[in-house]
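Understanding the architecture of this molecule
Residues per chain, in single letters:
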Amino acid sequence: MRLTRYFLPVLKETPAEAQIVSHRLMLRAGMIRQQAAGIYSWLPLGYKVLRRIEQIVHEEQQRAGHIPLLMPTLQPADLWRESGRYDDYGEEMLRIRDRHDRDMLYGPTNEEMITDIFRSHVTSYKELPLTLYHIQWKFRDEVRPRFGVMRGREFLMKDGYNFDLDREAALHAYNRHMVSYLRTYERMGLTAIPMRADSGPIGGDDTHEFLVLASTGESEVFFDSAVTELRLGDREIDYDDREQVASVCAEFTSVYARTDETHDAALFETIPEERRKVARGIEVGQIFYFGTKYSEPMGATVVTDTGERVPVHMGSHGIGVSRLLGAIIEASHDDKGIIWPEGVTPFDVGICNLKQGDAGTDAACDQLYAGLKARGLDPLYDDRDERAGAKFATMDLIGLPWRLTVGPRGLAQGKVELTSRRTGESEEMGLEAAVDRLAQIYGR
Ligand code: ATP
Ligand code: MG
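Notes on the structure in this doc start here. Within any chain, residue numbers begin from 1 and follow the written order of that chain's sequence. Following the order in which they are written, the chains are lettered starting with A and the ligands numbered starting with 1. Where local features are concerned, this predicted model is filtered to residues with pLDDT of at least 70; where side-chain atom pairs are given and counted, the filter is 80 or more; whole-chain, interface and lining totals use all residues. With hydrogens and water stripped out, all remaining heavy atoms of the structure feed into the side-chain values.

What follows concerns the coordination of the magnesium ion (ligand 2). Nitrogen, oxygen and sulfur within 2.8 Å of a metal are treated as its donors, or within 3.2 Å for sodium, potassium and calcium (Na, K, Ca); water is not counted, so a site can appear incomplete. Distances from the magnesium ion (ligand 2) to its protein donors, Glu-283 (OE) and Gln-286 (OE1), fall within 1.9 to 2.2 Å. For Gln-286, a relative accessible area of 11% gives the class buried. Partly exposed residues are those whose accessible area sits between 20% and 50% of the maximum for their type, while under 20% is buried and over 50% is exposed, using a 1.4 Å probe and protein chains only.

Written as structure tokens, this is what we have:
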């Protein structure tokens with residue numbers, strides 16, 4: 001993309017309404033625009049990151065064997081009356097009445113609807129196990145929407161639901177979600193720690209929240225610092241192998257890590273003092289096992305091999321897709337702007353032409369641009385007629401992990417400069433070498 005043909009409405013001033021750094025930077029970098037409290041338009045740069053995060057979520061869910069579908073944002077109230085949650089959910093639910101006076105609502109979550117789909121089409125235990133998920137907008141009329149996309153009213157969530165014959169099979173689905181989530185967050189450059197949590201209004205016995213440590217996080221967390229060292233890395237996972245999946249979960253959950261709701265002070269005291277940490281975290285996901293809480297009242301049953309009809313065991317598993325943009329920025333920025341991890345960056349590399357209109361630098365930039373595109377990379381070429389300082393400031397603000405700087409002096413030696421946004425280190429190299437290096441960095 002050429003910057004002169006793009007739509008990147010960066011702000012010069014720091015917006016006064018933004019209290020935390022990720023919100024400020026998303027506004028300044030022209031990623032979002034607030035349309036009403038907690039409701040945002042996703043401008044092109046923000047939308048690009050949102051799509052990349054979604055893509056990673058899709059890939060890791062499907063790798064775990066989970067099947068995508070799409071349910072609507074609007075739901076009939078009657079489904080929620082069946083589970084009893086229409087009255088329980090309270091003021092966070094946005095209730096709507098259509099022209100025929102039917103009660104509708106903007107879905108805050110989809111347990112009822114997915115249970116309805118299941119009971120309408122599945123009758124035999126032979127069709128299990130089954131995990132369905134979607135990535136869809138949710139609405140929760142939060143009392144205090146704040147911190148930009150972190151606590152919106154309309155927000156994008158991945159929510160998945162497993163259907164299994166018994167508790168054991170459902171716990172395998174729970175574990176599969178835990179492992180697939182760990183991989184998902186790692187691919188986004190995040191350390192998200194699974195912590196034992198409280199089940200809240202969705203209900204259930206087993207639940208973990210995934211928290212990214214950040215001083216601006218809304219949850220208070222207590223953990224053994226050893227947990228922050230754990231990495232899934234690129235080890236092979238066979239998601240059908242119950243023991244392997246369970247052993248990965250055991251590795252990540254045997255070290256103490258809890259939210260304030262489940263914190264056990266006596267147990268915490270047993271951790272060596274230098275490893276005992278109290279901090280704040282951002283919840284970027286949560287997994288639940290809740291057994292037959294919805295399948296029983298809603299009649300989601302299957303016939304077993306002995307001819308018995310039993311309610312299925314279920315769980316629901318969510319990732320805060322739009323919140324993740326804020327969480328990643330909270331975890332990765334400096335005083336100049338955002339620092340995107342390669343896995344989610346909106347553009348792979350920025351090209352800064354230091355002398356726009358100069359035949360030599362223009363030709364070199366065009367050559368780099370075409371070369372990068374040919375390798376499947378996505379460059380942003382700053383072809384504005386601006387000073388170097390202004391171009392660098394924009395690139396630093398929007399946080400592309402790599403920058404290629406093309407100036408007449410370097411070009412006289414056939415060289416351009418490759419700079420890492422994270423370390424600030426630069427290296428001079430030939431044009432082709434620069435393209436090769438970037439292709440290598442991005443595994444192309
Ligand atoms: P919170 O405790 O932060 O209100 P929750 O526990 O009610 O969230 P879940 O029902 O577990 O949320 O939803 C799954 C994920 O969706 C959460 O882990 C979070 O990342 C995200 N999420 C929930 N509420 C919001 C919101 N208002 N804005 C943005 N993301 C949200
Ligand atoms: Mg939650």
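The subject of this paragraph is the nonpolar core. Nine residue types can take part in a nonpolar core, namely buried Ala, Val, Leu, Ile, Met, Phe, Trp, Tyr and Cys, and a core is a set of them joined through side-chain atoms within 4.5 Å. Residues Met-31, Ile-53, Tyr-185, Phe-210 and Val-284 are the most contacted members of the largest nonpolar core, which totals 77 residues. Ranked by the residues each element gives to this core, the list is headed by helix H6 (residues 167-187), at seven residues. If near-sequence neighbours (up to four positions away) are discounted, Val-284 is found in contact with Tyr-185, Ala-192, Phe-210, Val-212, Gly-318, Ile-319, Gly-320, Leu-324 and Ala-327. With 26 residues, the next largest nonpolar core counts Tyr-161, Phe-288, Phe-290 and Ala-300 among its residues. The numbering of helices and of strands both runs from the N terminus, where a helix is a DSSP run of H or I of at least 4 residues and a strand a run of E of at least 2. Contacts are assigned to residue pairs that have any heavy atoms within 4.5 Å of one another.

Tracing the backbone through its elements, the reader meets Ala-434 in helix H14 (residues 431-441). In this structure the C-alpha to C-alpha distance between Ala-434 and Leu-404, which are 30 residues apart in sequence, comes to 8.1 Å.

A few words on the packing of aromatic side chains. Under the pairing criterion, centres of Phe, Tyr and Trp rings, with the six-membered ring standing for Trp, must be within 6.5 Å; the plane angle then separates stacked pairs below 30 degrees from edge-to-face pairs above 60, leaving the rest tilted. Counting across every chain of the model gives 12 aromatic pairs. A centroid spacing of 6.3 Å and a plane angle of 45° characterise the contact between Tyr-369 and Tyr-381, whose relative ring orientation is tilted. Taken together, the residues span a long stretch of sequence, with Tyr-369 in helix H11 (residues 359-374) and Tyr-381 in strand E20 (residues 379-382) at a distance of 12 residues. Pair check on accessibility: Tyr-369 and Tyr-381 agree, each one buried. The structure contains a cluster of three or more aromatic residues connected by ring pairs, namely Tyr-181, Tyr-185 and Phe-210. Between Lys-48 and the ring centre of Phe-347, over which it is positioned, the NZ or CZ distance is 3.9 Å. Only when the NZ of Lys or the CZ of Arg is both within 6 Å of the ring centre and within 35 degrees of the ring normal is a charge said to sit over the ring. Across the ring face of Tyr-86, the terminal group of Arg-95 is positioned such that the distance to the ring centre comes to 4.6 Å.

For this description, a residue counts as near a given molecule or strand if any of its non-hydrogen atoms is within 4 Å of it. Among the 14 residues in the neighbourhood of ligand 1, the closest are listed as Arg-140, Glu-142, Arg-151, Gly-152 and Glu-283. Within the side chain of Arg-140, a nitrogen or oxygen atom sits 3.0 Å from an oxygen atom of ligand 1. Between N or O atoms, a polar contact is any pair within 3.5 Å; within protein, one atom must be a potential hydrogen donor and the other a potential acceptor, and residues adjacent in sequence are included only when both atoms are from side chains. Within the side chain of Arg-323, one N or O atom sits 3.0 Å away from an oxygen atom of ligand 1. Relative to its unbound accessible surface of 580 Å², ligand 1 loses 84% to contact with the protein. In these tables, accessible area is a Shrake-Rupley quantity obtained with a 1.4 Å probe, and a residue counts as shielded only by the protein chains included in the view.

In this section: unusual backbone geometry. Residue Pro-129 is bonded to the preceding Leu-128 through a cis peptide linkage, with omega at 0°. The backbone of Asp-101 sits at a positive phi, close to 65°, despite the residue not being glycine. By the secondary structure assignment, Asp-101 is in the loop between strand E5 (94-97) and strand E6 (103-106). Since its relative accessible area comes to 60%, Asp-101 is described here as exposed. A positive phi angle, near 60°, is found at Phe-147, a position not held by glycine. Residue position: Phe-147 is located in the loop between strand E7 (130-139) and strand E8 (154-164).

By definition, two strands form a pair when at least two bridges between them are found by DSSP. Taken together, three strands build an open sheet; the order of strands is E4-E6-E5 and the sheet is antiparallel. Since the sheet does not close on itself, it has two edges, and those belong to strand E4 (74-76) and E5, each with one partner. Adjacent strand axes in the sheet meet at a mean angle of 35° when their direction is disregarded. Here E5 runs beside E6; their pairing, made up of four bridges, is antiparallel. Within E6, the position partnered with Leu-94 by the bridge is Tyr-106. Orientation is described by lines fitted to C-alpha atoms, with helices fitted over the stretch in contact, and by angles between N-to-C directions that extend from 0 to 180 degrees.

We count a salt bridge whenever a side-chain nitrogen from Lys or Arg sits within 4 Å of a carboxyl oxygen from Asp or Glu. Scanning the entire structure with this criterion turns up 31 salt bridges. For the salt bridge of Glu-269 with Arg-276, the shortest nitrogen-to-oxygen distance reads 3.7 Å. On the basis of relative accessibility, which here comes to 24%, the residue Arg-276 falls in the partly exposed class. It is possible to trace a salt-bridge network through shared partners that takes in Glu-59, Glu-60, Arg-63 and Arg-187.

Across the sheet, five strands lie side by side as E20-E19-E21-E22-E23; this open sheet has mixed pairing. Only two strands of the sheet have a single neighbouring strand rather than two, namely E20 and strand E23 (426-430). Each strand axis lies, on average, 25° off the axis of its neighbour in the sheet, ignoring direction. Strand direction decides the pairing type here: strand E19 (residues 349-353) and E20, joined by four bridges, are parallel. Across the sheet, the residue bridging to Val-349 is Pro-379, located in E20.

By secondary structure assignment, the location of Asp-159 is in strand E8. At 2.5 Å, the side chain of Asp-159 forms a polar contact with the side chain of Tyr-161. In contact with Asp-159, other than residues within four places in its own chain, are Asn-110, Leu-132, Tyr-133, His-134, Lys-138, His-317 and Gly-318.

Counting buried residues along E8, 10 of its 11 residues qualify, which places the element largely inside the surrounding structure. For E7 and E8, the ladder comprises 10 bridges, and the chain directions are antiparallel. In the strand pairing of E8, Tyr-133 is matched with Gly-160. Note: E8 against strand E16 (residues 313-320), eight bridges, orientation antiparallel. Along E16, the bridge assignment pairs Lys-158 with Ile-319.

This is a description of form; function is not addressed.
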